[in-house]
Amino acid sequence: MQPDHSPAPPRGTRAVPSPEVRAALDAGRPVVALESTLLAHGLPRPDNRAAADEVEAAVRAGGAVPATIAVLDGVPHVGLTSGQLDRVCADPGLAKLGIRDLPVAVALGLSGATTVASTALLAATAGIDVFATGGLGGVHREAAETFDESADLTALSRIPLVVVCAGVKSILDVPATLERLESLSVSVVGYRTTTFPGFYVADSGATLDWSVGDPEQAAAVFAERRDLVPGALVVANPLPAGEQLDPALHDRVIAGALAAAEQAGVRGKALTPFVLDHLHRASAGATLAVNVRLVLRNAELAGQIAVALSARAA
Ligand code: PSU
Ligand code: MN
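The present account deals with the structure reproduced in this document. (Residues numbered from 1 in each chain as written. Chains lettered and ligands numbered in written order. Predicted model: local features only at pLDDT ≥ 70, side-chain atom pairs only at ≥ 80, totals over all residues. Heavy atoms only, no water.)

### Some details on a nonpolar patch on the surface
Phase 1 of the analysis: A surface patch of nonpolar side chains, about 280 Å² in accessible area, is lined by Val-104, Leu-108 and Leu-110.
Phase 2 of the analysis: When you line up the elements, Leu-108 lands in helix H5 (residues 102–108).
Phase 3 of the analysis: Classification of Leu-108 as exposed rests on a relative accessible area of 59%. (Patch = residues over 30% accessible without salt bridge, like charges linked within 9 Å, V, L, I, M, F, W, Y side chains within 5 Å. Areas by Shrake-Rupley, 256 points an atom, 1.4 Å probe, with all protein chains shown as cover. Salt bridge = Lys/Arg side-chain N within 4 Å of Asp/Glu carboxyl O. Helix = DSSP H or I, 4+ residues; strand = E, 2+ residues; numbered from the N terminus. Buried < 20%, exposed > 50% of the residue type's maximum accessible area, 1.4 Å probe, protein only.)

### Thoughts on the site of ligand 1
Phase 1 of the analysis: Near ligand 1 there are 18 residues, and of these Glu-35, Lys-96, Val-116, Ser-150 and Asp-152 occur at the shortest range.
Phase 2 of the analysis: Here an oxygen atom of ligand 1 and a backbone polar atom of Val-116 are 2.8 Å apart.
Phase 3 of the analysis: Computed on the free molecule, ligand 1 has an accessible area of 480 Å², of which 95% lies beneath the protein chains in the complex.
Phase 4 of the analysis: When residues of the shell around ligand 1 are traced back to their parent elements, those giving at least two are helix H2 (37–42) and helix H12 (271–282).
Phase 5 of the analysis: Considering every element that reaches the shell around ligand 1, the biggest residue donor is H2, with 3 residues.
Phase 6 of the analysis: Taken together, the residues that form the shell around ligand 1 break down as 4 nonpolar, 9 polar and 5 charged. (Near = heavy atom within 4 Å. Polar contact = N/O pair within 3.5 Å; in protein donor to acceptor, adjacent residues only side chain to side chain. Nonpolar A, V, L, I, M, F, W, Y, C, P; charged D, E, K, R; others polar.)

### Quick word on the packing of helix H10 (residues 215–228) against helix H13 (residues 286–313)
Phase 1 of the analysis: Look at H10 against H13: their axes get within 8 Å of each other, and the N-to-C directions meet at 60 degrees. In terms of their interaxial angle, H10 and H13 are classed as oblique. The element H10 and its partner H13 pack so that their crossing is right-handed. Here H10 contributes Pro-215, Glu-216, Ala-218, Ala-219, Ala-220, Phe-222, Ala-223 and Arg-226 to the contact with H13, which in turn contributes Leu-301, Gln-304, Ile-305, Ala-308, Leu-309 and Arg-312.
Phase 2 of the analysis: Split by residue class, the contact of H10 with H13 holds 10 nonpolar, 1 polar and 3 charged. (Axes fitted to C-alpha atoms, helices over the stretch in contact; angles between N-to-C directions. Parallel < 35°, antiparallel > 145°, perpendicular 65-115°, else oblique. Left-handed = near helix turned anticlockwise from the far one by under 90°. Contact = heavy atoms within 4.5 Å.)

What follows is the structure, encoded as structure tokens:
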């Protein structure tokens, strides 16, 4: 007999759900995953700590249990205690962990915040179907020269999960990112709109083919997607025009932030945190307030979609 050289099946991760998350998953109650990179590297200290609590409260307002995800001392935690959230939000040296960094952090007992890609992976392996964030990573504006395209995109082509976001970060090349999402067969629908949101602003200038009108429709689309092929459903949830960042201010501060990054020679995974920090300071906190606001709206909608999904399963 030929020896079997087929790869061993994945054994799952050592992800550890909190007692509340474990109880909810066991009972089939709705749970929403939340990422920690946006707390540790996307929002400034100390405001990030209050935002962490507000985002979790928004998930609960939507009817679901929040599960913020991070790796602490080599353990991927799904659902953090208050003390663990303190750690994630306070440590200026906390690593930013994409999927490729997870095995290193776990094997070596290290700590780090998880990105959209690694949060989605840990959430899905823990049995969570819905994830809320601010904006996805994507194709950077100089990607033709730098090849800088977020690993979020390929991750979403493989991981079965609903991701609620306000589009992609507007520091990116939005049309190129939408093209890549199409190539990767990631399903994308607008929430009550076919205008693709522009993160801080309601309209990115790009249009979507499809929209859903309520959480039940989003759940129905995801149920079909899951039966058809692995990969994510992105639900793009724009800020109302009245709550967006002034578009003229938006364009001005983004141009300044990207120029500052270029000047400082910032590249790779440090680029997004650098640019977001520059924006928060250049806009005197206006981008920060809008950023938190859009994450809260996404968290609440994600909670509602998780409720609709568990009602289908019941
Ligand atoms: N969206 C935000 N703030 C953030 C990010 C997204 O509103 O901090 C983070 C997410 O964790 C996302 C990551 O996965 O930026 C993408 O980083 P990169 O471009 O290096 O892949
Ligand atoms: Mn990158």
